[in-house]
Amino acid sequence: MVCMVPSPALAANGSAAAAAEKLRGRVIGTAESVDYRSFARSTTVNTREMAFDGDMSTYFASWERSYTWAGLDLGEPHVITRVGWSPRNDGQGPQRVVLGVFEGANREDFTDALPLYVITEQGVIGQMAYADVACSRGFRYVRYVGPADARCNVAELEFYGVPGAGCDSLLWQLTNLPTVSIHTQDGIVPYDKEHDIAATVAIVADGGATLLCDAATVRERGNGSRTFPKRPYRIKFDRKQRVLSAPAKAKKWTLINNYGDKTLMRNLLAFELSRIMQMPYTPFGTAVDVLLNGEYKGCYQLCDQVQVHKHRVDVEEMTPADTDGEALTGGYLVEVDAYAGEEPSWFRSSYGNPVTIKSPSADSITAVQAEYIEDCFDAMERDWPAYLDMNTFLRHFLVGELSGNTDTYWSLFMYKRRGCDTLFTGPVWDFDLAFENDNRTYPVCAKSDWVYRSGGSYAGNMRSFVDRIVVRDAGAQAQMRYIWGQAREGELTEGHLLACIDSLERLLEQSQRLNFMRWPILNTKVHQNPRLYGSYAAEVENVRHYVRERLPWMDARIGYTYVDGVAATAAAGSSVPLMIYNLHGLPVGTDAAVLRPGVYVRGGRKMLVH
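Worth saying up front: this structure is predicted, and the values here are computed from it rather than measured.

Calculation criteria
Residues numbered from 1 in each chain as written. Predicted model: local features only at pLDDT ≥ 70, side-chain atom pairs only at ≥ 80, totals over all residues. Heavy atoms only, no water. Pairing = 2+ DSSP bridges. Helix = DSSP H or I, 4+ residues; strand = E, 2+ residues; numbered from the N terminus. Axes fitted to C-alpha atoms, helices over the stretch in contact; angles between N-to-C directions. Contact = heavy atoms within 4.5 Å. Salt bridge = Lys/Arg side-chain N within 4 Å of Asp/Glu carboxyl O. Buried < 20%, exposed > 50% of the residue type's maximum accessible area, 1.4 Å probe, protein only. Core = buried A, V, L, I, M, F, W, Y, C linked by side-chain atoms within 4.5 Å. Polar contact = N/O pair within 3.5 Å; in protein donor to acceptor, adjacent residues only side chain to side chain. Phe/Tyr/Trp six-rings, centres within 6.5 Å; stacked < 30°, edge-to-face > 60°. Lys NZ or Arg CZ within 6 Å of the ring centre and 35° of its normal. Expected span 1.5 Å × (residues − 1). pLDDT = per-residue confidence, 0-100. Patch = residues over 30% accessible without salt bridge, like charges linked within 9 Å, V, L, I, M, F, W, Y side chains within 5 Å. Areas by Shrake-Rupley, 256 points an atom, 1.4 Å probe, with all protein chains shown as cover. Lys, Arg positive; Asp, Glu negative; His and termini not counted. Charge placed at Lys NZ, Arg CZ, Asp CG, Glu CD.

Points about the sheet that holds strand β12 (residues 179-184)
Part 1 of the reasoning: The strand order around the closed barrel formed by 7 strands is β12-β13-β14-β15-β16-β18-β17, and the pairing between neighbours is mixed. Each strand of the sheet is rotated relative to its neighbour by a mean of 35°, with strand direction disregarded.
Part 2 of the reasoning: Pairing analysis gives 4 bridges linking β12 to strand β17 (residues 285-292), with the strands arranged parallel. By the bridge assignment, V180 is partnered in β17 with V290.
Part 3 of the reasoning: On top of the sheet, helix α2 (residues 266-276) reaches β16 (249-256), β17 and β18 (295-304); it is set at about 155° to β17, its chief contact.
Part 4 of the reasoning: Running over the sheet, helix α8 (residues 494-518) touches β17 and β18 and is turned about 130° from β18.

Here is the structure:
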């Protein structure tokens, strides 16, 4: 709850502070301020102390534009019950408090800080605004962190509370989504993919009832996504953690930025397609709100790191000693990667495809292991029927084409198990350009050919490699029809996918509002956006429209007839069992009692198995 109270009323009796008292303490915060008269650094003009002097005509303005703050050392922990603020008295003051964040901590460097409140509305000059705080933990140190690019710029700050250490029974989340709060050592902002910055990562979830907080490192991640102002990150906990509802207990996790995906859901929707298509491993992913050093960064997706792990890519983890015999044969994780040349461990295949070796890692792989996996990859390209697992390759292909993902063969993960000559494909990854979000292929369903052949991007010579399988091989085409038919007789329906989109839209409603306050791009083309839809709801509707068109397009392209809600009785009275077929013509047995629910054909007639 936020309320507006004129400053004199508060000065008179403190009635806006409810039952708790206004807290006082030693002023702390960013030391350097800006003297606007000469536009110079200062420690005497517009200082942090002016945010606590009770005078609406003065203000704190920091020299640096972002990650700056003002707060109090209360001397002992207090449970904070209410915060107050008033904007600087100038033309930009009211909007410069929007997305300002209040935090509490028990370390003076705020590395253990937790959020207390985020401002979502403009302030009113000359008035205090107040918000109740729902956080049961007590904090000695409290602060207000100004929003990005605002120089903090605040006239007055107030904190209210009661003495006590409190408890962790109720913590505060920004929205209904889990809140991921990262605080780095010395406030260093991650700046590249190579340098790990020491940090503490806190994840508040379940409406504030659960907290995961531990030491970690954080750095940037990704390739093209790193060029956006909203940066992606990789978290590596010091100890293995089971994060939220993820199957894996692991150290490494990713924060996907989704800058060009204005629905904020395309990766999650693609993961659902992966599950429906029965890929052996579908990455864990969930939407979260992210804070970095107290600054709100936006709505992200917290996902698995694609790595060798029992609950991720489940192959043997190799050591440098695995250099001969069966031990040398696996496991390996590689990525056909257009950016492979920028990685420390990679090769170019004999077919001209750039391949990054992900596992064993660059700092542990031996020359013998690197040579072995390169030879295996080359053998697979020369003789794919013998060395490529068609089941995973075709399922991965279908997820990419159904979603209209232009990056399917720009980045493609593959793996090899110990004692097995076969290379498997997966997991699916990187769908920010999918579901009608790429001007190079828009509109996808107006094309008569596959996306990867109609403007989609690909690394090296992957287009011609995929052609050999899905375009020129009749056996692969028949297997693809079978896999597609299985999925269409299951959850791969318009109704299921639209319900999934509806559910994600509801889940993201609160968070997307904050995200597009932080990144006001709904009316700006970013990345490869083909069109402007003007609102979050319209962006999501574009995905719904695409799904409605794409399913029948895929049916026609594959040569599959989808029948929904057709019932018929099976032929009876014959002493010879009749073969039962799927609707795409493949035999599935003679006993309807053992079949899963769906539509089948027996004796030339359709039948519905319940």
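Some thoughts on the pattern of salt bridges
When charged atoms on two side chains of opposite charge get close, those side chains can pair.
Part 1 of the reasoning: A complete count under the given rule lists 38 salt bridges for this structure.
Part 2 of the reasoning: R143 serves as the salt-bridge partner of E103, at 2.8 Å between the closest nitrogen and oxygen. Separated by 40 residues along the polypeptide, E103 in strand β7 (residues 101-105) and R143 in strand β10 (residues 138-145) bring together distant segments of the chain.
Part 3 of the reasoning: Judged by relative accessible area, E103 falls into the buried class, the value being 0%.
Part 4 of the reasoning: Across the pair D196 and R234 runs a salt bridge whose closest N-O atoms are separated by 3.3 Å. On the criterion of sequence distance, the pair formed by D196 in the loop between β12 and β13 (197-205) and R234 in strand β15 (residues 233-242) is long-range, its members being 38 residues apart.

Thoughts on the sheet that holds strand β21 (residues 354-359)
Part 1 of the reasoning: Strand order in this open sheet of 5 strands is β20-β21-β19-β22-β23, and the pairing throughout is antiparallel. Each having just a single partner strand, β20 (346-348) and β23 (423-425) make up the two edges of the open sheet. Averaged over all adjacent pairs, the angle separating strand axes in this sheet is 30°, with direction ignored.
Part 2 of the reasoning: The sheet contact formed by strand β19 (residues 332-337) and strand β22 (residues 411-416) spans 6 bridges and is antiparallel. Opposite V336, over in β22, you have L412 as the bridge partner.
Part 3 of the reasoning: Against the sheet, helix α3 (residues 367-382) touches β19, β20, β21, β22 and β23, its axis set at about 60° to β19.
Part 4 of the reasoning: Where helix α5 (residues 390-403) meets the sheet, its contacts fall on β22 and β23, and the angle it forms with β23 comes to roughly 25°.

Remarks on the nonpolar core
Part 1 of the reasoning: If you look at the biggest cluster of nonpolar residues, it comprises 95 residues, and the most contacted ones within it are V470 and L492.
Part 2 of the reasoning: In terms of residue count, the dominant contributor to this core is helix α9 (residues 536-558) (9 residues).
Part 3 of the reasoning: Not counting chain neighbours up to four residues away, the residues in contact with L492 comprise L273, I276, M277, L402, W484, A487, L497 and L551.
Part 4 of the reasoning: Grouped together as the second largest cluster of nonpolar side chains are 39 residues, A51, L114, V118 and V154 included.

Comments concerning the side chain of E295
Part 1 of the reasoning: Position of E295 relative to the elements: it lies in strand β18.
Part 2 of the reasoning: Using a relative accessible area of 3% as the deciding quantity, one classes E295 as buried.
Part 3 of the reasoning: Within the structure, the side chain of E295 is placed 3.5 Å from the backbone nitrogen of Y67, a separation counted as a polar contact.
Part 4 of the reasoning: Of note is the side chain of E295, whose polar atom sits 3.3 Å from the side chain of K297.

Focus on the packing of aromatic side chains
Each aromatic ring pair is characterised by the separation of its centres together with the angle its planes make.
Part 1 of the reasoning: As enumerated under the stated definition, the model contains 28 aromatic pairs in all.
Part 2 of the reasoning: A centroid spacing of 6.0 Å and a plane angle of 85° characterise the contact between F435 and Y546, whose relative ring orientation is edge-to-face. Separated by 111 residues along the polypeptide, F435 in the loop between β23 and α6 (462-471) and Y546 in helix α9 bring together distant segments of the chain. Like Y546, F435 is buried.
Part 3 of the reasoning: Of note, R143 hangs over the ring of F110, and the distance from its end group to the ring centre comes to 4.2 Å.
Part 4 of the reasoning: Over the ring of W519 we find R518, and its NZ or CZ is 3.9 Å from the ring centre.

What about the pairing of β12?
Part 1 of the reasoning: The element β12 is extensively covered by neighbouring structure, given that 6 of its 6 residues are classed as buried.
Part 2 of the reasoning: Of the two faces of β12, the one lined by T179, S181 and H183 and the one lined by V180, I182 and T184 are each fully buried.
Part 3 of the reasoning: Pairing of β12 with β13 involves 6 bridges; the strand directions are antiparallel. For V180, the partnering residue across the bridge sits in β13 and is I203.

A look at α9
Part 1 of the reasoning: Taking 1.5 Å per residue, 23 residues should reach 33 Å; α9 reaches 33 Å between its end C-alpha atoms and fits that length.
Part 2 of the reasoning: After α9 finishes, the residue G559 shows a positive phi value of roughly 90°.

Thoughts on the confidence of the model for the chain
Part 1 of the reasoning: Residues at a pLDDT of 70 or more form 89% of the chain, whose mean pLDDT is 92.
Part 2 of the reasoning: In the model, residues 4-18 has pLDDT below 50 throughout and makes 24 contacts with residues more than four positions away in sequence or in other chains.

A look at a positive patch on the surface
Part 1 of the reasoning: A contiguous patch of positive charge on the surface is contributed by K236, K240, R242, K249 and K251.
Part 2 of the reasoning: Inspection of the secondary structure assignment puts K236 in strand β15.

Structural notes on the side chain of T425
Part 1 of the reasoning: By secondary structure assignment, the location of T425 is in strand β23.
Part 2 of the reasoning: Those residues in contact with T425, other than ones at most four positions away along the chain, are M279, L388, T392, F393, H396, L412, F413, M414 and Y415.

Structural notes on the environment of T227
Part 1 of the reasoning: Note that T227 resides in the loop between β14 (210-220) and β15.
Part 2 of the reasoning: Among the residues examined, T227 registers a relative accessible area of 61% and is labelled exposed.
Part 3 of the reasoning: Each C-alpha atom of the pair T227 and H527 lies 9.7 Å from the other, and the pair is 300 residues apart in sequence.
Part 4 of the reasoning: Within the structure, the side chain of T227 is placed 2.6 Å from the backbone oxygen of G224, a separation counted as a polar contact.

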